[in-house]
Structure formats: C-alpha cells, structure tokens
Amino acid sequence: MRIFYGVGHEQFPPSRALRHAQLAAEAGFDGIFCSDHFQPWWEPGESGHAWPWLGAVGATVDGVQLGTAVTPAVRRYHPALVAQAFATLEDLFPGRVFLGYGSGESLNESPFGYDWPSGEEQLEMMREALDMIRRLWNGETIATGSKHFPTKNAKLHSRPVTPPRLYVSAFYEGAAEVAARYADGLWTLGDPESAPNVIDAYTGAGGKGEIVLQGLVSWAETDEQALEGARVWKGAQPDEYYVDDWHDPRAMYEHAEETLSDDEYAEKAIISADPAVHVEKLAALKELGATTIAVMNCSGADPEGAIRTYGEHVLPKLR
C-alpha cells in the first residue's frame, strides 16, 4: 500500500507548497501529487503552475514518486505538449514520474477563451489526447493529428528510456473504460458510493492496473479549526463544476456554501483533530480496493502540523 501526499496549488503559493512536499517526503509519504489548475475554486486563492513546480520537487526531494492529479484533456494544453513535458520530467527523474490525466473543468479552460464542451465531447477529447500521448511516447511521428488536436508531423525528439506511468481520472463509467484502454491505473475519489461502480467499470473493461483512491483531509488542534482551515475546499465539491460551464471562482464558492452544509462537507472529507479518525477513514479506502491512497492535504489551519501528525500517527498505522 502506497500513500501519496497531495498539494493543492489553489490553497498555497508555490514556494510554500514546495516546503510542504519536502516535509511530506521526510514524513514518509511515498509520492507527491499536485493539482494542475489555472484558477482556484474560490477567491482569493493561489494558482501556481504544476509543471515547473514538479521539476523543483524532483530536484529537491529524493526517491518519491511525483506527478499531477490531474492534467486536463481539453484546450489549455495540446496533448503533444503534455507528452513533451512529462517525457522531460521522466528523463530528469527516471522511474519517479507519473501523469494523471482527466477531462478537466471549465474553471481552467474558459479563461483562455474556449467554449466548454459537452460531456460526450469531453470524453472524445480525452480518448484522442491519450492516444496521441501514448504514440508520441512510443516514438511515433503523428502527421495530421486528430479531430480536436491537429498536428503537422509532431514528434518527440527527447524521450526517456521508459515512459512515465499514466493514470486516468474517472468519476463515471465512460471515463473508467477509457482508463482501462490507455492507462496504467485508475484514479478516482474514495467515495464509498461512487468508487465501487467506477472500479467495476474499469476492471470490467479489462483494466488491470493500479487503483488510486483520493481523499481530502484536514487536521488541526481542534475539529473546529480543522473545518475552518479546509472550508475553502467546499468550492471544489459540487458535482456540476466538473461537467457544466462554471468558471467564476467567487460564484463557485458562494454556490457551494449555499448548497453544501458543513455536516455534508464533513461526510465527504476527513476533517478531524483526532489522528485515529484519519486512520479509520483512510483504511476504508483500502477496503474499497485502493492499491494507492492519495491524501490531499487541505489543512489550512496548520498544514505543516498535519504533515507531522501523519508522519507520527497516521502513516505507521495505515501500513
């Protein structure tokens, strides 16, 4: 059982987030992952760029895995550029890099002037993007590209000996089936209601890779501080933000506060001052089928204290 540490670029500036990653590696986490956003889910917030930040992590932290959760398959990044970026990271840090890929959100695409596609088109774009990335990593020259991602003889001239590992983010069955075809593993939320169906769709479509289940966590000296420190992450919770055209961070947070009570939020996340609660709820992800647990640290009240608490009281018990 591997346990990854998650950094939300939406909550912390890049320099501070780098410090958290370094502390997490010292605490015993097996990997570091980060969001890949242009905007936060709320205002005011942060939004450092994931790719140069991962280079800084790889250069200053030894041994751990590193990658995104997740990079989108829409308009902001052409998949050939994604393939190049992560091939470069893998060459720099062999055997340590993974690419988490997903269908993205309007939040991070619409600011560039793009119209947000339908769910069916999002899935089509993700298939095309993953196919292109795999082919480029394999050394192919892609002459004309695809419907959504045209090319003119695109080729990677610097490729690592072994491609990065590739995980596909899925919240529903269609994306899970895409993961089964293209990915080394499935990445989804550790929700006991949705995760079993997504995992079944993945394995039913022939998927035999890793199962990464992600949980949002917040620790502080008191339960109240833990909740308030992670309150901003309510802005990421409504399901409609992942399929519909929502791209105003302030409006998104206000909508989330209006529609999601504190009690409902506490059910979706792991928010507690008691390390035993964190152990119990994360251990349940293993029972759901996780081979890797991805812990997104949203402890705004005391993020470094949360890392120390996990290193001393949570990670040893989970293992």
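Residues numbered from 1 in each chain as written. Predicted model: local features only at pLDDT ≥ 70, side-chain atom pairs only at ≥ 80, totals over all residues. Heavy atoms only, no water.

Enquirer: Tell me about the environment of Trp-233, and please be specific about residues and values.
Expert: As for its placement among the helices and strands, Trp-233 is situated in the loop between α8 (223–230) and α9 (249–259). For the pair Trp-233 and Gln-122, spaced 111 residues apart in sequence, the C-alpha separation works out to 24 Å. At a separation of 2.7 Å, a polar atom in the side chain of Trp-233 contacts the side chain of Gln-11. (Helix = DSSP H or I, 4+ residues; strand = E, 2+ residues; numbered from the N terminus. Polar contact = N/O pair within 3.5 Å; in protein donor to acceptor, adjacent residues only side chain to side chain.)

Enquirer: Give a description of a nonpolar patch on the surface that names residues and reports values.
Expert: Together, Phe-38, Phe-112 and Tyr-114 make up a nonpolar patch on the protein surface, roughly 290 Å² of accessible area in all. Along the polypeptide, Phe-38 turns up in the loop between β2 (31–34) and α2 (50–60). (Patch = residues over 30% accessible without salt bridge, like charges linked within 9 Å, V, L, I, M, F, W, Y side chains within 5 Å. Areas by Shrake-Rupley, 256 points an atom, 1.4 Å probe, with all protein chains shown as cover. Salt bridge = Lys/Arg side-chain N within 4 Å of Asp/Glu carboxyl O.)

Enquirer: Give me the packing of aromatic side chains: which residues, what numbers.
Expert: The final tally for this structure, using the stated rule, is 14 aromatic pairs. A ring pair is formed by Phe-171 and Tyr-242, whose centres lie 5.6 Å apart and whose planes are at 65°; its orientation type is edge-to-face. With Phe-171 in the loop between β6 (165–169) and α6 (173–182) and Tyr-242 in the loop between α8 and α9, the pair connects residues that are 71 residues apart, well separated along the chain. Classification of Phe-171 by relative accessible area gives partly exposed; the value is 41%. (Phe/Tyr/Trp six-rings, centres within 6.5 Å; stacked < 30°, edge-to-face > 60°. Buried < 20%, exposed > 50% of the residue type's maximum accessible area, 1.4 Å probe, protein only.)

Enquirer: Talk me through the packing of helix α5 (residues 119–137) against α6; I want residue IDs and the actual numbers.
Expert: Interaxial distance between α5 and α6 falls to 11 Å at its minimum, and their mutual angle equals 10°. The pairing of α5 with α6 is recorded here as roughly parallel in orientation. In this structure, α5 contributes Leu-123, Met-126, Arg-127, Leu-130, Asp-131 and Arg-134 to the contact, and α6 contributes Gly-174, Ala-175, Val-178 and Tyr-182. Looking at the contact of α5 with α6 residue by residue, the classes come out as six nonpolar, one polar and three charged. (Axes fitted to C-alpha atoms, helices over the stretch in contact; angles between N-to-C directions. Parallel < 35°, antiparallel > 145°, perpendicular 65-115°, else oblique. Contact = heavy atoms within 4.5 Å. Nonpolar A, V, L, I, M, F, W, Y, C, P; charged D, E, K, R; others polar.)

Enquirer: Can you lay out the pairing of strand β1 (residues 2–7) for me, pointing to particular residues and giving the numbers?
Expert: Counting buried positions over the six residues of β1 gives five, a clear majority of the element. The pairing of β1 with strand β10 (residues 292–297) spans five bridges and is parallel. In the strand pairing of β10, Gly-6 is matched with Met-296. Alignment of β1 against β2, held across four bridges, turns out to be parallel. What sits directly across from Val-7, in β2, is Cys-34. (Pairing = 2+ DSSP bridges.)

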